[in-house]
4 protein chains.
Amino acid sequence: MIQPGDLVLFYHNERMAYVIAVPEKGKFSTHRGEIDYTEVLGKNYGDTVKTHLGVDFHLLKPTWSDLTMRVRRTTTIIYPKDAGYLLLRTVIFPGARVIEVGTGSGAFTILLANFVQPTGKVYSYESRSDFSENAQHNLRRVGLDTYVEFICRDVEKEGFMHDQVDAVFLDVPEPWAMVGHAHTALRGGYPLVSISPTVEQIQKTRSVLELEGFTRIEVVEILERELLVRLGRTRPKERMVSHTAYLVSAHKINRDSLTTDEHR
Amino acid sequence: MIQPGDLVLFYHNERMAYVIAVPEKGKFSTHRGEIDYTEVLGKNYGDTVKTHLGVDFHLLKPTWSDLTMRVRRTTTIIYPKDAGYLLLRTVIFPGARVIEVGTGSGAFTILLANFVQPTGKVYSYESRSDFSENAQHNLRRVGLDTYVEFICRDVEKEGFMHDQVDAVFLDVPEPWAMVGHAHTALRGGYPLVSISPTVEQIQKTRSVLELEGFTRIEVVEILERELLVRLGRTRPKERMVSHTAYLVSAHKINRDSLTTDEHR
Amino acid sequence: MIQPGDLVLFYHNERMAYVIAVPEKGKFSTHRGEIDYTEVLGKNYGDTVKTHLGVDFHLLKPTWSDLTMRVRRTTTIIYPKDAGYLLLRTVIFPGARVIEVGTGSGAFTILLANFVQPTGKVYSYESRSDFSENAQHNLRRVGLDTYVEFICRDVEKEGFMHDQVDAVFLDVPEPWAMVGHAHTALRGGYPLVSISPTVEQIQKTRSVLELEGFTRIEVVEILERELLVRLGRTRPKERMVSHTAYLVSAHKINRDSLTTDEHR
Amino acid sequence: MIQPGDLVLFYHNERMAYVIAVPEKGKFSTHRGEIDYTEVLGKNYGDTVKTHLGVDFHLLKPTWSDLTMRVRRTTTIIYPKDAGYLLLRTVIFPGARVIEVGTGSGAFTILLANFVQPTGKVYSYESRSDFSENAQHNLRRVGLDTYVEFICRDVEKEGFMHDQVDAVFLDVPEPWAMVGHAHTALRGGYPLVSISPTVEQIQKTRSVLELEGFTRIEVVEILERELLVRLGRTRPKERMVSHTAYLVSAHKINRDSLTTDEHR
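Described below are features of the structure shown in this document.

The rules behind the values
- Residues numbered from 1 in each chain as written.
- Chains lettered and ligands numbered in written order.
- Predicted model: local features only at pLDDT ≥ 70, side-chain atom pairs only at ≥ 80, totals over all residues.
- Heavy atoms only, no water.
- Pairing = 2+ DSSP bridges.
- Helix = DSSP H or I, 4+ residues; strand = E, 2+ residues; numbered from the N terminus.
- Axes fitted to C-alpha atoms, helices over the stretch in contact; angles between N-to-C directions.
- Least-squares fit on C-alpha atoms with pLDDT ≥ 70 in both.
- Contact = heavy atoms within 4.5 Å.
- Buried area = accessible area lost by both parts, 1.4 Å probe.
- Salt bridge = Lys/Arg side-chain N within 4 Å of Asp/Glu carboxyl O.
- Polar contact = N/O pair within 3.5 Å; in protein donor to acceptor, adjacent residues only side chain to side chain.
- Nonpolar A, V, L, I, M, F, W, Y, C, P; charged D, E, K, R; others polar.

Examining the sheet that holds strand β5 (residues 48-50) of chain D
Residues and elements named next belong to chain D.
Right, on to step 1. Sheet architecture is open: 4 strands sit in the order β2-β1-β6-β5, paired in antiparallel fashion. The open sheet has two edge strands, β2 (16-21) and β5, and neither has a second partner. Across the sheet, the axes of successive neighbouring strands diverge by a mean angle of 30°, strand direction being ignored.
Right, on to step 2. Pairing of strand β1 (residues 7-13) with strand β6 (residues 56-60) involves 3 bridges; the strand directions are antiparallel. Residue pairing for β6: Leu 9 is matched across the bridge by Leu 60.

Structure (C-alpha cells):
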C-alpha cells in the first residue's frame, strides 16, 4: 500500500504526468479535476484513481528516467539517453567511490547515488551553494542523500579532496580546467567522462585530456527518436530533440609508467 | 597491482583492444608482437607495457560497455546505447529482484547483476540450454554469477517462477507471447521493457501490452554517432550503426483496480 | 531593378522572412514597422530597406526552397530535403513529360514545372477541385503554370490520360491503388517515386509495386539537421523535424519481356 | 529501342548494378555470366535479359542519382542527398548561368548542366587540369558537355571570369578564400552554396561570408537512412553513412546599399 512520503507518478498521459511525494492530506489538483491524497494512501502502485471530474490517473512507480527529468531544476540537466550511456562508459557498481562536478540540479547525482549504494559514495562538487542546496533537496526527496557528500568548492583552483576514485564525471562549462585534477583523483586506468553542448568545448577538452595523460578519448552524441506505433499509422514522431550534448570518455594512464617506457 | 584473474583491457587503439582475465603464465599475442603475462602481473591499471616489437598497450580498467560488448557471443547482444536507456526506464537498484528473458549471451545480464548486487537477484530465463551455459560462463568471468539465477524454461508455455519483481526485461523474438506472464510477475505500477529489431514485432507487442493491462507504452530508438575531434578536422565519423532495435517500455496497471473503477 | 509582380523575399531573419509579389502600391507591414512598396520598386535584389521603425529587411531572391515552403497551403507539402532527393531519383530534364498525383498545394508541382520547362510538361492529377484551384493560384504566382496541365480526376477509377511519361510522382494517401495505372503510363525502365508518412503505407505500396512489375524498389528517409555555427559556441540546433515521410523509388519492368524470358 | 551509345543501367540488384554506354559490339561481363551487347541493342528500356548463366539483368533508365554516383572518380563526389538539397537552396532553372568551383569529378556538374540546359551555362572552375579532363569525359558521356564551360584557373588568385551569375557553388578545401570573388560574381540577393566535410571549414566560411556581405547564412547536414521493407521484418538497414559534409547557404547583399542605409 502507498505510504505517506512515497513517490508516485500520477499518470494520465505524457503531458499530464506528475511525480508526487504523497502527503498525508490535501488534494492533487489539475485542470482535469482533483484527487484527495487520503484516497491515494489506501491504494497500491498500479491502481487507477479518478478525479472528481472522472478523469483517470494511474498510480505508477516512477522510473529513474522520471526521477531525473522531473527534479526541481536550477540548471539544465543530463537527459536519460545521455546519462545511461555515460554510466556504461564507467565501472560504477554498488560500493564504488565516484566524483562528480558540478552537482547542478542533482539529476545525474541521483543516478550515481543509486548505483553506488549502499556502501559506495558520490563526492559531488559544486561551486555555487544555491545549486548545491537545491540538489540536496532533490536527493533527499528520493531518499538517496546519505550516499552523497556535497562539497561547495572551486575545483579549478583548489582541486579535489578525494583520490583513488573509480570514476570522474564532469558537467561544467570548462571541463578542460579540471582534467589535471581529475587525473590526480582517479585510479590508474579508470575512466573520466565529460558532457558539453558545444564543439569548441569538446575540442579543448580533448586537447587537454591528451596532454594530461589520458588515452582512449572518444566523443559521441546520442539521439533519441520516438516511434508512434498506432494501428495502420505507425511512424516516427514529427519532432525530436536534435541535440543535448556531446559525450566524452577517456581512461587515465599513469604518467610515470609512460615515462619509464619512453626512457627504456 | 594486477592480480591473476583480474580483467584488463589491453588497449592499443579501438581496433586493437582486448579484455583479458590475466592468467598466471603464458603470452598475450597479437600481430604487433607479444607480451608476457608475468610482466603484466607486476603492473598497475593505467600502466603501459610494450610488445617485443615495441608496440604500446595500455592496461585499462574495462568499462561496462567493454564487458558487455566483448562477451563470448552466441546471439546478438544489446548495445550499450540501448542498455543504458533501458535501465533508466526501470527502477533497478542494489537489492532489486528482476526478471530477464532471454538470457542470450548474458551481456545485458551482466549489467543487471551489477546493478542489483549485493542483495538483489536477476532471474534470467532462457529456453536454449546452450545459450544459458555460455551466458553462465560470461557471468562467472566478470564475477557476477552469484547474483543471477539461470532458469532454462519455455516461458511462453510455463510462465515465470517468480513474482512481485521490480522489472521485467524482454529480449525474445516473440515478446507478445510473454506479456501476459510478465503482467502476473510484475509488481503493480512497475515497468516492463522490451527490445526488438523489427517494426512488426513492436506493433504486435504494443497491441498485446494494451490488451493485457499495461499503460504508458512508449517506443523509441537510440542512435549513437561518433564525432572525430582532431585539430582542424573535426567531423562526424563517416559510417555508423543505423539500427539495432526498437525499445519498448510500459507500466503494469492492476486490472481489478480498473474494473472497480469502471463499475462505480 | 525590382519590377511590379517580381517575387521578393523580404528577409530580416528566419522568423521574419516573407515571399511577396511586389504590388505597385501599398505597404509591407510587420510588427517591426512598415515599408512602402514604391520604395522597394526603386531598388535591386540584394539591397536593404528599413521599416519606418528602423528595422532592416534585405530584398533577397527567393530560392526553390522558399517558393515551395511558402505556398498557400491547403495540404501538407513535400519538404525541400525530400523533394531534392525525389527529383534525383528520376530522369527529369527540360523537355521531360511527367505525371504527378496528387497536386495538393502545388509545392512540388512548382519544382517539376521549373525542371521540365520550357518544352516539357507536368500532368498534375488531383481528385479535389478546391486543392487543384489553390495549386493553380500558387503556380501562376511563380509564373510556371503554363508548363502544367491540371487534371481533376479520380485516378484510381479512371487511370491516367497520358502515357510514355518519363516519371510518375505519387503523393496520395493510397499510392498502391495507382501503381497499376502508373505502370501503364510510364516508359519502360523509367522510375516511379512515391512519398508516404506511415510504415503501413510503405509496406502496402512495396507489395503492390512488386506485383505490378516494378524492380529496384527502395525506401529511404531523409533527415535535415541544422548546425548553429557561432564563434566559440558551435553546436546542432536543439530541436529538429524528426519525420516527414518515407520516400519510395522503383523502376518499371516490361511485363511481356519478363514473361518471354521465363518461357525460354 | 536501345541505340548504340545509350546509357543503360544493367541492374540485377544494388550490388550488381552498372551504368553502361552500350557499345555496338562486345560483351557485358560479370562473375554471374555474360550478355552480348548486340542482344541488348534489340531491346527496350525496361526489358530483362539473361546472362549465359541464366542470371536476370533489367535494362533500366539510369536516374540522376545513378549518373552522378557512378562517374569515373578522381575526387570525392557530392552525394545525391546533399546535391538535391543544394539545388533547392538556389534559383537554378533552364537558362540560368551558374558558377561552380571546383569541378572535381564532374558529378555535381552533370546535375547543374542538366538543370540549366538548353539555354543556360555552367562555368565550372578547377585548378587541376587532370581533374578537369576527367570531368569533361564524364560530362561527354552523358551528353551534357555543351552546357558547360570548363575553366582551369586558380580562382583564389585570379578570381572569376564571369559575373551576374544566378548562383555560385563551392566545393573546395578552402571555400572562404573564394567568398570575396563569389560576392563579386553573383547577382545581388542571389545565393551561394558551399559544401565542406569539417566543422572548422564551416566556421571559417561562415565568418568570411558575414564579413564579405552575405546574409541568411545557414548550415545543415542531410542524413539518408534506408528502410528495409520486407513482409513481417520491416526495419532500418543496419548501417548507414553518418557523414558526408556540412552544407552552407547564404545570399549576397549589395554592400553599397547597406552603406547608404547606415548613413541615412
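Considerations on the relation of the copies chain D and chain C
Right, on to step 1. With an axial shift of 0.0 Å and an RMSD of 0.0 Å, the rotation relating chain D to chain C amounts to 180°. Expressed as a symmetry operation, the mapping of one chain copy onto the other fits a two-fold axis. Minimal C-alpha distance to the rotation axis in chain D is attained by Gly84(D), lying at 1.9 Å.
Right, on to step 2. Same-surface contact between copies: 100% of interface residues of chain D are shared with the interface of chain C.

As for the sheet that holds strand β1 (residues 7-13) of chain C
Pairing between sheet strands relies on hydrogen bonds along the backbone, with the strands arranged either parallel or antiparallel.
Residue and element names in this part refer to chain C.
Right, on to step 1. Strand order in the open sheet formed by 4 strands is β2-β1-β6-β5, and the pairing between neighbours is antiparallel. Sheet topology places β2 (16-21) and β5 (48-50) at the edges, where each strand pairs with a single neighbour. Neighbour-to-neighbour, the strand axes of the sheet open up by a mean angle of 30°, direction not taken into account.
Right, on to step 2. Relative to strand β6 (residues 56-60), β5 is paired through 3 bridges, and the arrangement is antiparallel. The residue bridging Lys 50 from the neighbouring strand is Asp 56, located in β6.

Some points on the interface of chain D and chain C
Right, on to step 1. Across the boundary between the two partners, chain D contributes 72 residues, which contact 72 residues of chain C.
Right, on to step 2. Sorting the residues of chain D by area buried against chain C places Leu88(D), Arg216(D) and Val229(D) first, and these three jointly supply 12% of that buried surface.
Right, on to step 3. There are 6 salt bridges connecting chain D and chain C.
Right, on to step 4. Put simply, Arg216(D) and Asp66(C) hold a salt bridge, and the shortest N to O gap is 2.7 Å.
Right, on to step 5. Viewed at the interface, chain C and chain D are joined by 35 residue pairs in polar contact (both at pLDDT 80 or more).
Right, on to step 6. Residues belonging to the side of chain D that touches chain C are distributed by class as follows: 33 nonpolar, 18 polar and 21 charged.
Right, on to step 7. Strand direction decides the pairing type here: strand β12 (residues 214-228) of chain C and strand β12 (residues 214-228) of chain D, joined by 7 bridges, are antiparallel. Looking at the pairing, Glu224(C) lines up with Ile222(D) of β12(D).

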